[in-house]
Amino acid sequence: MPGLFRRMRWMQRGSGNLPLAGLMLLEVATIVLAIVLGLMVNEWREGRSRAKAADAGLQAIAAEMSYNHGQIALSHAYYTAILEHLRAAVARQQALPEAQRTPVHAQQMPGWRGAMPPMLRDSSFQALVSTGTVRDLPFETAET
């Protein structure tokens, strides 16, 4: 500390009328300003990083939704075809006399592959929730 005060006294002699308290206040103010600027830059950098992660998460969710839409469309087409086959088989059975009717089973339908629920993905959304990135999404986006 003695070196700091000597340097301040030397600066005071060279600065003319500026008192020692003024020099100390100026140094404290510049240090506070540097700390505040450093915190602001850090917050700006972290904000950009969070926004980038939220955008990447939204893109991953969009890709998942596209995949899920395709899976649902495939399942819908499959079940629609099975339903049409069943309806046709039931109509054929109803056209027969009661004694000639036989049970209609789905597994006897052409193209039958069993119960095939759509395999949907939600890992990107779960990752957004578990990492807390969902809180960085705009409310209107997160709400829908």
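Numbering of residues begins from 1 in every chain and follows the order in which that chain's sequence is written. At least 70 in pLDDT is required for a residue's local features to be given in this predicted model, at least 80 for side-chain atom pairs to be given and counted, and no such filter applies to totals for whole chains, interfaces and linings, which use all residues. Neither water nor hydrogens contribute to the side-chain values; these are computed over all heavy atoms in the structure.

**A closer look at the confidence of the model for the protein**
How we decide: Each residue carries a pLDDT value, the predictor's own confidence for that position, ranging from 0 to 100. Each helix is a run of H or I in the DSSP string that is no shorter than four residues. Each strand is a run of E no shorter than two, and both are numbered from the N terminus.
Looking at the protein as a whole, its pLDDT mean stands at 85, while 85% of the residues score no less than 70. Considering each helix and strand of the protein separately, the mean pLDDT is smallest for helix H1 (residues 2-15), with a value of 58, and largest for helix H2 (residues 20-95), with 92.

**Overview of the pattern of salt bridges**
In a structure, side chains of opposite charge can pair up when their charged atoms sit close to one another. In plain terms, the rule: Throughout this description, the term salt bridge denotes a Lys or Arg side-chain nitrogen within 4 Å of a carboxyl oxygen of Asp or Glu.
Tallied over the entire structure, the rule returns three salt bridges. A salt bridge links Glu 43 to Arg 50; its shortest N-O distance comes to 3.6 Å. Close ionic contact of Arg 50 with Asp 136 constitutes a salt bridge, the shortest N to O distance being 3.7 Å. Placement of the pair is Arg 50 in helix H2 and Asp 136 in the loop between helix H3 (123-131) and helix H4 (139-143), with a sequence separation of 86 residues.

**Let's talk about a nonpolar patch on the surface**
The cut-off we apply is this: Patches draw on residues past 30% relative accessible area with no salt bridge. Two like charges within 9 Å are joined, as are two nonpolar side chains (Val, Leu, Ile, Met, Phe, Trp, Tyr) within 5 Å. Surface accessibility follows the Shrake-Rupley procedure with a 1.4 Å probe radius. Residue values consider only the protein chains on display as shielding.
A cluster of nonpolar side chains, contributed by Val 28, Val 32, Leu 33, Val 36, Leu 37 and Met 40, occupies part of the molecular surface with about 540 Å² of accessible area. Here Met 40 shows up in helix H2.

**Considerations on H2**
Since the α-helix turns once every 3.6 residues, residues separated by three or four places project in the same direction. Quick note on the threshold: In a helix, the anticipated span is given by 1.5 Å times the number of residues less one. Three exposure classes are used, based on accessible area relative to the maximum for each residue type with a 1.4 Å probe and protein chains only: buried under 20%, partly exposed in between, and exposed over 50%.
Its 76 residues place the ends of H2 110 Å apart at the C-alpha level, agreeing with the 112 Å of an ideal helix rising 1.5 Å per residue. All of the buried residues along H2 are Leu 23, Ala 54, Gly 57, Ile 61, Glu 64, Asn 68, Gln 71, Ser 75, Tyr 78, Ile 82, Ala 89 and Gln 93.

**A word on the packing of aromatic side chains**
Counted only if it meets this: Each Phe, Tyr or Trp ring (for Trp, its six-membered ring) is paired with any other whose centre lies within 6.5 Å, and the angle between the two planes then decides the class: stacked below 30 degrees, edge-to-face above 60, tilted in between. We count a charge as sitting over a ring when the NZ of a lysine or the CZ of an arginine lies within 6 Å of the ring centre and within 35 degrees of the ring normal.
This model, assessed by the stated rule, comprises one aromatic pair. Taking 5.1 Å as the distance between ring centres and 65° as the angle between the ring planes, the aromatic pair formed by Tyr 78 and Tyr 79 counts as edge-to-face. Among the residues examined, Tyr 79 registers a relative accessible area of 35% and is labelled partly exposed. Between the NZ or CZ atom of Arg 121 and the centre of the ring of Tyr 67, over which it lies, the distance is 3.6 Å.

**Some details on the packing of H2 against H3**
Our working definition: For helices, the fitted line uses only the C-alpha atoms of the stretch in contact; every axis is such a line through C-alpha atoms, and the angle between N-to-C directions lies from 0 to 180 degrees. Angle categories are assigned with fixed cut-offs, so that under 35 degrees is roughly parallel, over 145 is roughly antiparallel, 65 to 115 is roughly perpendicular, and the rest are oblique. Crossings are sorted by hand: turned counterclockwise from the far helix by less than a right angle, the near helix makes the crossing left-handed, and turned clockwise it makes it right-handed. In this analysis, two residues are considered to be in contact whenever any of their non-hydrogen atoms come within 4.5 Å of each other.
Close contact between H2 and H3 brings their axes to 8 Å; oriented N to C, the two are set at 155°. The orientation of H2 relative to H3 falls into the category roughly antiparallel. The two elements H2 and H3 cross, and the hand of that crossing is left-handed. Contact residues: H2 offers Gly 57, Ala 60, Ile 61 and Glu 64, while H3 offers Ser 123, Ser 124, Phe 125 and Leu 128.

**Notes on the environment of Arg 113**
Relative to the assigned elements, Arg 113 resides in the loop between H2 and H3. On the basis of relative accessible area, Arg 113 is assigned to the exposed category, the value being 55%. Remark: the alpha-carbon pair of Arg 113 and Ile 82, spanning 31 residues in sequence, is separated by 9.7 Å.

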